[in-house]
Amino acid sequence: MYDPNQRVILLVEDNADDELMTLRAFRKSNIHNPVVVVRDGAEALDYLFMQGRHSDRDPDIRPQVILLDLHLPRIDGLEVLRRIRAHEQTRTLPVVILTSSKEERDLVEGYQLGVNSFVHKPVDVTAFFEAVKQLGMYWLVLNELPTPRRSM
């Protein structure tokens, strides 16, 4: 489905409007990387650990960056982050919490669990598009990841 050399974005977002705005912001910013969208924390973990409906996913296609909402159905974003960091095959994946939460405890706990970046979703559409553009430029163009181990 995807070329393993492409830098895939994993968007974990349960809000359809925020998903649409994020995808539009990528297109408007000329970020044409494949985006895998999952709508809750359990599906995010299934995707990452190749379980459930994602059991046939190509293990060579790993996300270049995970954009993770916090307030998700089934398993919340902080628990998803905790599980990502607990496993050797996923612990080095870049995770950006992209959330509307302004709670200081979410920010602190996110960093304690090893998030790479914490970004508040701007309410203003123009500011939101600019934030997504900057995220894309950094995580997809400038950032380098270590070569994954074949144990995944």
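In this report, the structure presented in the accompanying data block is examined. Computed from a predicted structure; not experimentally measured.

## Looking at the pattern of salt bridges
- Applying the stated criterion to the full structure yields ten salt bridges.
- Notably, a salt bridge pairs Asp69 with Lys121, separated by 3.9 Å at the nearest N-O pair. With Asp69 in the loop between β3 (63-68) and α3 (77-86) and Lys121 in the loop between β5 (117-120) and α5 (125-142), the pair connects residues that are 52 residues apart, well separated along the chain. Exposure class is identical for Asp69 and Lys121. Each is buried.
- Here Arg82 ties to Glu109 by a salt bridge, and the two come within 2.9 Å at their closest N and O atoms. Note that Arg82 is positioned in helix α3 and Glu109 in helix α4 (residues 104-112), a separation of 27 residues in sequence.

## What about the pairing of strand β1 (residues 8-12)?
- Burial runs high along β1: five of the five residues are buried.
- Alternating positions in β1 separate into two faces, Val8, Leu10 and Val12 on one and Ile9 and Leu11 on the other, with burial throughout.
- Pairing geometry for β1 and β3, over five bridges, is parallel. Within β3, the residue paired with Val8 across the bridge is Pro63.

## Things to note about the side chain of Ser101
- Here Ser101 lies in the loop between β4 (95-99) and α4.
- At 3.2 Å, the side chain of Ser101 forms a polar contact with the backbone nitrogen of Glu103.
- At 2.5 Å, the side chain of Ser101 and the side chain of Asp106 are in polar contact.

## Quick notes on unusual backbone geometry
- If you check the backbone angles, Asn30 has positive phi at about 60 degrees while not being a glycine.
- With respect to the helices and strands, the residue Asn30 is situated in the loop between α1 (16-28) and β2 (35-38).

What counts as what
Residues numbered from 1 in each chain as written. Predicted model: local features only at pLDDT ≥ 70, side-chain atom pairs only at ≥ 80, totals over all residues. Heavy atoms only, no water. Salt bridge = Lys/Arg side-chain N within 4 Å of Asp/Glu carboxyl O. Helix = DSSP H or I, 4+ residues; strand = E, 2+ residues; numbered from the N terminus. Buried < 20%, exposed > 50% of the residue type's maximum accessible area, 1.4 Å probe, protein only. Pairing = 2+ DSSP bridges. Polar contact = N/O pair within 3.5 Å; in protein donor to acceptor, adjacent residues only side chain to side chain.

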